[in-house]
Structure formats: structure tokens, C-alpha cells
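Working through the structure, step by step
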Amino acid sequence: MGKKVAVFWFRRDLRLHDNRGLLEALSGAFPVLPIFIFDPHILHKLPPADARVTFIHQSLQKIRESLRKDHQSSLALYWGSPREVFTKITAGYAVQCVHTNHDYEPYARERDASIAEFLSGEGIPFKTYKDQVIYEKDEVIKGDGTPYVVYTPYKNKWKERFHAEGLNTYETGPKMGNLAKDRDLPFIPLEDMGFVSAQVQVPNYEIAPDLIRNYEATRNFPAKERGTSHLGPHLRFGTVSIRQIMQKAIAVENEVFWNELIWREFFMQILWHFPQTVKTSFRPKYDWIPWRNSEAEFERWKTGQTGYPLVDAGMRELNQTGYMHNRVRMLAASFLCKHLLIDWRWGETYFAEKLLDYDLSANVGNWQWAAGSGVDAAPYFRIFNPMAQMEKFDKQRAYIHKWVPDLQELTYPPPMIDHKMARERCLKTYGEAMG
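In what follows, the accompanying structure is described. Counting starts from 1 at the beginning of each chain's written sequence and moves along it residue by residue. Note on the predicted model: pLDDT of at least 70 is required for a residue's local features to be given, and 80 or more for side-chain atom pairs to be given and counted; whole-chain, interface and lining totals, by contrast, use all residues. With hydrogens and water excluded, all non-hydrogen atoms of the structure serve as input to the side-chain values.

1. Concerning the overall build of the protein chain
- Along the protein chain, the regular secondary structure elements total 19 helices and 5 strands.
- For each residue, the accessible area found with a 1.4 Å probe, counting protein chains only, is set against the maximum for its type, and the residue is called buried under 20%, exposed over 50%, and partly exposed in between. Here the protein chain holds 435 residues, and the buried ones make up 56% of them.
- Across the protein chain, the fraction of contacts at a sequence separation of at least 24, relative to all contacts at a separation of at least 6, is 81%.
- Residue exposure ignores everything except the shown protein chains as possible cover, and the areas themselves are Shrake-Rupley values with a 1.4 Å probe. Of the roughly 19200 Å² of accessible surface on the protein chain, a fraction of 52% belongs to carbon and sulfur atoms.
- Two residue types count as positive, namely Lys and Arg, and two as negative, namely Asp and Glu; His and chain ends fall outside the count. The atoms used to mark charge sites are NZ of Lys, CZ of Arg, CG of Asp and CD of Glu. A distance of 2 Å separates the average location of the 56 positive side-chain charges in the protein chain from that of its 53 negative side-chain charges. Each helix is a run of DSSP H or I of at least 4 residues and each strand a run of E of at least 2, with the numbering of both proceeding from the N terminus. Any pair of residues with heavy atoms lying within 4.5 Å of one another is described as a contacting pair.

2. Section: helix α14 (residues 326–339)
- The span expected for a helix works out to 1.5 Å for each residue beyond the first. With 14 residues, α14 ought to run about 20 Å at 1.5 Å a step, and its terminal C-alpha atoms sit 19 Å apart, in line with that.
- With 13 of 14 residues buried, α14 is to be regarded as a mostly interior element.

3. Focus on the sheet that holds strand β2 (residues 32–38)
- Judged by pairing direction, the sheet is parallel, and its 5 strands sit side by side in the order β3-β2-β1-β4-β5 without closing on themselves. Because the sheet does not close on itself, it has two edges, and the strands there are β3 (76–79) and β5 (126–129). The average undirected angle you get between the axes of adjacent strands in this sheet is 30 degrees.
- Across the sheet, helix α3 (residues 51–71) touches β1 (4–10), β2 and β3, and the angle it forms with β2 is around 165 degrees.
- Axis definition: a line fitted to C-alpha atoms, over the contacting stretch in the case of helices. Angles run 0 to 180 degrees between N-to-C directions. The strands touched by helix α4 (residues 82–92) are β1, β2, β3 and β4 (94–101); relative to β2, the strand with the most contacts, the crossing angle is about 150 degrees. Pairing between two strands requires that DSSP report at least two bridges joining them.

4. Some remarks on the packing of aromatic side chains
- For Phe, Tyr and Trp, rings pair up if their centres lie within 6.5 Å, where Trp contributes its six-membered ring, and each pair is then called stacked (planes under 30 degrees apart), edge-to-face (over 60) or tilted (otherwise). If you walk through the whole model with that rule in mind, you get 30 aromatic pairs.
- Here the aromatic rings of W301 and Y350 are separated by 6.0 Å at their centres, their planes lie at 65 degrees, and the arrangement is edge-to-face. Highlighted residues: W301 in helix α12 (residues 295–302) and Y350 in helix α15 (residues 344–354), separated in sequence by 49 residues.
- Each residue in the set Y148, Y151, Y154, W263, F266 and F267 is aromatic and connected to the rest through ring pairs, giving one cluster.
- Throughout this description, the term charge over a ring refers to an Arg CZ or Lys NZ atom that lies within 6 Å of the ring centre and within 35 degrees of the ring normal. Over the aromatic face of W9 sits the side chain of R11, whose NZ or CZ is 4.4 Å from the ring centroid.

5. Thoughts on the pattern of salt bridges
- Criterion for a salt bridge: a side-chain nitrogen of Lys or Arg within 4 Å of a carboxyl oxygen of Asp or Glu. Within this structure, the stated rule accounts for 28 salt bridges.
- Notably, a salt bridge pairs E139 with K130, separated by 2.9 Å at the nearest N-O pair.
- Across the pair R345 and D343 runs a salt bridge whose closest N-O atoms are separated by 2.9 Å.
- Residue classification places R345 among the buried residues on the basis of a relative accessible area of 18%.

Have a look at this one:
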């Protein structure tokens, strides 16, 4: 039997600082073996040059290099199902405990239950901790114990609790000496998993005080270079701590930026309480909508050939960069569901393939919001006018000219559908389905 260790399993927390589960592992009685598992179940449908896989791999390399340089340790990278990997690890080490941070998605919950069962059979405790959110699961609920399904009262209760409790951080620095002293742990190159380094790169996030202070005034205008933070991928993969970002938001006292961070947790607790919403409408009657689901029209939407410049600019930006401005995301999603009457699940799946900051809870929550089938209390007859949105948020066409350079060319298509006709058709279709 190998040496006694505690295992820390990195997942959506790709950082050494302010990491709850890592601190808990380092605070124990045994040297800590850090690991990461590339799970084929998650990765097998992705293209070889997926920018998110490249970003994860690069982030892990940075952690690995830091551990080797500063702590005479390393990070073990594995490729395989988590159960197979833990079978291998427990055969080579006398594992005393496995620590990791909570993951709230349906597959992650099934995976963790399976790992807990396996480790229990080996007599090894499996301990998990809250890290990627301030409040989780049942921590912000109604007085009767049921979950909030409307954002504003959830936000108010969230803030009430936050003001009462304050913010804890989990600094690992003083405990890093408790890492296992092994600089030669297994490493797996991207190519060995069937991937190659992507040309598209995850941008660095911007969280300067001026950005937070001006967020309300700038966030809706896609042409503004520094109007949004690009935090999404970094919060998604945990290269930055939510507590660190929350501290910055509080310091500037910007309620709008703060509220956006709370939206993230609202959608996470919705997914936790209602995991079925990944595939079915939160409001079941919306599953009766007779979607048209034209594959030809879906292809035009995907490739930015709808003839509505702001929609097309957003889709082309997404396809080229893996990013789309949030205001434009709302418009593109509404156009697909309301103008073309294409099932929101088609759009959700496409965004899942393309977005660098793809997060299941937010993607499902926002697509259901766009379709009118989600937790949002607004009625289904909210239908964005693509031309009015363009006049309001890109009046000088700066964003559009960047992504639709052929706007004035003969090759640029006319609008694929008349807005007035599409709106009337949508209202009629939804109204009949709602009874």
C-alpha cells in the first residue's frame, strides 16, 4: 500500500487561493494530493479545438507550475471516468479522505453520488463543501421552506442574509506546506485526449472600480469595449473566487453589478430544486407550444443570416469568438423562439456548444426566460423588436459594422421574416397553446 494522503479534487475551482475545499483538505492530518479528472462523459461531444478545454488545460498547467516551483508539489491530471480514476488512485495510495467542492448540475450530482458510494465501500470519507457561490441549495428560501421562483424576492432575502452574516474567505497560503511532496505526478497533454490547442482564447476578466461604478450605464451597449467584465468563463471554471468578486462589488457599492452576481446564484438554486428544467419547461403548459422547428431557418439564425443586423452581429460574434454581449443574447434568443417559433432547447444546445462562459443553470434559465416558459413572471407576449433594439443600443451601428461588414453589400440578405407578422403569429400560437 502506498503512502497515506488526502485527495483534493479540482473541478469548477481552478485556483489555489480562496478555495474552500482545498483549505479543508490542507487543514487535515495527511499530505494533500491535488488531482483533476478530464471526464470523457463531459468532453466526448466537443470539437477537437474547443476553447474551453484549452482554457481548462492552461489553467491547470499554471496551477501545476506554481505547485512545482513554490511548494515542491504538483497536480495529477487524469483522463477517464471518475470512478475508474479513483479505483486507480486508491490502488496506488492509502487514501484517507477525498475533499472537493460542491457541483450542482444534474450529471455532477449523479457522478458525486457514485464516487461517494465507491469510496464508502473502501472505507474512505468523501467530503464536499460550498465554494462557487455565496448561498446554495436551501440557504435562501421562503419562510415556508419552499424555494423562491421569482428573482426580486430571492434577491432581497439574499441581501438580507448577506448583510447579517458578512463574507468569509478561505486563504490557503498558510497551509500550502501540507501538500504532498511529489513534483512528478501524472500529466496528460491535450493531444492524448484527442484535443488540440484552440485559436480562440478566453479573454481576461476586467473588474476595475470604474467598470463596476459605470456598469448600469454601459452594460447594454455592445459596442462599448469596457462595458462588461468578461467574468463569465472565470466564474464558470473558478479561476477567480466569487467571494473576491463580491468584495470588489461591495467596495464600489454598485447594486446593478451586485444584482447580476445574485442572478447567477438564483439560476443555480432553480436548477438545484428543479433539475427537470434542463429538458422541460418550468411552466409545463409551455411544452404544449407547437414549435415550427424549421431546420433551414435555424441554420440561418446560427450563421447570422437572418437579415436583422443586430441578431446577425451577435451570432457572428458568437461563432468567431465564443462570446456574445448579454443584451444581444436576449435579442437573439427571443428572435429564435418568438419570431421563428423554434424550440428554446435548440438554441440552448447551440449556445452550449459555442459559449466560452457556458453554464448550464444560467443558459437554461435565460433561454426559458426568452421563451417565456421559465421562472420570470413577465407574460409571454414580451417580444423584442430587432430594429427598435438596434436603434436603442447600437444607434451608430458600431457593433454591427464590426461583425456584419457585408451589411451594405448585395449579398446581405433581406429580413427573413416580417416583424409584425412574426409577432402576430407568435401571440396567436402561444395564446392557443396556453388555452
